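Below, each chain spelled out in residue letters.
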Amino acid sequence: QVQLVESGGGLVQAGGSLRLSCAASGSIFSINVMGWFRQAPGKQRELVARMTRSGSPDYADSVKGRFTISRDNAKNTVYLQMNSLKPEDTAVYYCAIGKPTGWGDWGQGTQVTVSS
C-alpha cells in the first residue's frame, strides 16, 4: 500500500495561485491513474483532475483552463497547479490512486481557502 501526503495548501486571495503536491511513499511509475479530489463543507467529495501513466489528463468542467495536473515519476509526486482561484475552490484537497475497485490510498488532505 502506498501512502500519500498532500502539501501546498493555504490561504490565498481570489485570482491567486497555489501548487499542491502529493508525495507517494513508493514508486508511482506503475500506477496507471492518480487523481486530485476536493471536498467543501457540506458537500460531497468530487474529482477535480486525474492523470494516467501515459500523461493524459482529465479535468472537472469547473476547473478546466485554470488547473493543471502533472506527475513526476522520478520524484514519486503528483502536482496540481491551481491558477485564477475562486472562493468556490475553497475545500480540502486530497490525492488518491485509481484502482480496479475504485479510488484508494487517500492522503490526509490539505486545506485550500480562497478569500474574496
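What you see is a predicted model; the values in this text were computed from it and never measured.

Quick question: what am I supposed to make of the overall build of the protein here?
Counting secondary structure elements, the protein contains zero helices and 11 strands. For the protein, the N- to C-terminal ordering of α and β elements is β-β-β-β-β-β-β-β-β-β-β. Principal-axis analysis of the C-alpha atoms gives the protein an extent of 40 × 25 × 25 Å. Sorting the 116 residues of the protein into buried and exposed places 43% on the buried side. Within the protein, residue pairs in contact and separated by at least 24 positions form 53% of the contacts whose partners lie at least 6 positions apart. With the model as given, the accessible surface of the protein reaches about 6,100 Å², and the carbon-plus-sulfur share is 47%. Positive and negative charge centroids in the protein, built from 12 and 8 side chains respectively, lie 3 Å apart.

Before we go on, may I ask you to explain unusual backbone geometry in this structure?
Trans peptide bonds make up most of the peptide bonds, and negative phi angles are found at most residues other than glycine. Its identity is not glycine, yet Asn76 carries a phi of approximately 50°, on the positive side. Structurally, Asn76 can be placed in the loop between β7 (67–72) and β8 (77–82). Notably, Asp105 is not glycine yet its phi reads approximately 55°, a positive angle. Note that Asp105 resides in the loop between β10 (102–104) and β11 (110–115).

Which parts of the structure should I look at to understand the sheet that holds β8?
The strands making up a sheet associate through backbone hydrogen bonding, with each pair oriented either parallel or antiparallel. Taken together, four strands build an open sheet; the order of strands is β1-β3-β8-β7 and the sheet is antiparallel. A single partner strand is all that each edge strand has here, and the edge strands are β1 (4–7) and β7. Ignoring which end each strand starts from, the neighbouring axes of this sheet average 15° apart. When β7 meets β8, the two strands line up antiparallel, connected through six bridges. Bridge pairing links Arg71 to Val78 in β8.

Could you clarify how one ought to interpret the packing of aromatic side chains in this entry?
What characterises a pair of aromatic rings is the spacing of the ring centres plus the angle enclosed by the ring planes. According to the stated counting rule, one finds three aromatic pairs in the structure shown. Judged by centre distance (4.8 Å) and plane angle (65°), the rings of Phe37 and Trp106 are edge-to-face. Taken together, the residues span a long stretch of sequence, with Phe37 in strand β4 (residues 33–39) and Trp106 in the loop between β10 and β11 at a distance of 69 residues. The class for Phe37 is buried, based on a relative accessible area of 7%.

How should I be thinking about the pairing of β4 in this particular structure?
Within a regular beta strand, the side chains point alternately toward one face of the sheet and then the other, so they alternate between its two faces. For β4, the buried fraction is high: six of the seven residues fall into the buried class. Pairing geometry for β4 and strand β5 (residues 46–52), over six bridges, is antiparallel. If you follow Val33 over to β5, its bridge partner there is Thr52. Where β4 hands over to β5, the hairpin turn is made up of six residues, of which Gly42 adopts a positive phi near 75°. Pairing geometry for β4 and strand β9 (residues 91–99), over seven bridges, is antiparallel. Paired with Gly35 across the two strands is Ala96, which belongs to β9.

Would you explain the pattern of salt bridges in this entry?
In a structure, side chains of opposite charge can pair up when their charged atoms sit close to one another. Applying the stated criterion across every chain yields a total of six salt bridges. The partner of Lys99 in a salt bridge is Asp105, with the nearest N and O atoms 3.0 Å apart. The buried category is assigned to Asp105, whose relative accessible area is 12%. Bridged by salt links that share partners, the residues Arg38, Glu46, Arg66 and Asp89 form one connected network.

So, how was this worked out
- Residues numbered from 1 in each chain as written.
- Predicted model: local features only at pLDDT ≥ 70, side-chain atom pairs only at ≥ 80, totals over all residues.
- Heavy atoms only, no water.
- Helix = DSSP H or I, 4+ residues; strand = E, 2+ residues; numbered from the N terminus.
- Buried < 20%, exposed > 50% of the residue type's maximum accessible area, 1.4 Å probe, protein only.
- Contact = heavy atoms within 4.5 Å.
- Areas by Shrake-Rupley, 256 points an atom, 1.4 Å probe, with all protein chains shown as cover.
- Lys, Arg positive; Asp, Glu negative; His and termini not counted.
- Charge placed at Lys NZ, Arg CZ, Asp CG, Glu CD.
- Pairing = 2+ DSSP bridges.
- Axes fitted to C-alpha atoms, helices over the stretch in contact; angles between N-to-C directions.
- Phe/Tyr/Trp six-rings, centres within 6.5 Å; stacked < 30°, edge-to-face > 60°.
- Salt bridge = Lys/Arg side-chain N within 4 Å of Asp/Glu carboxyl O.

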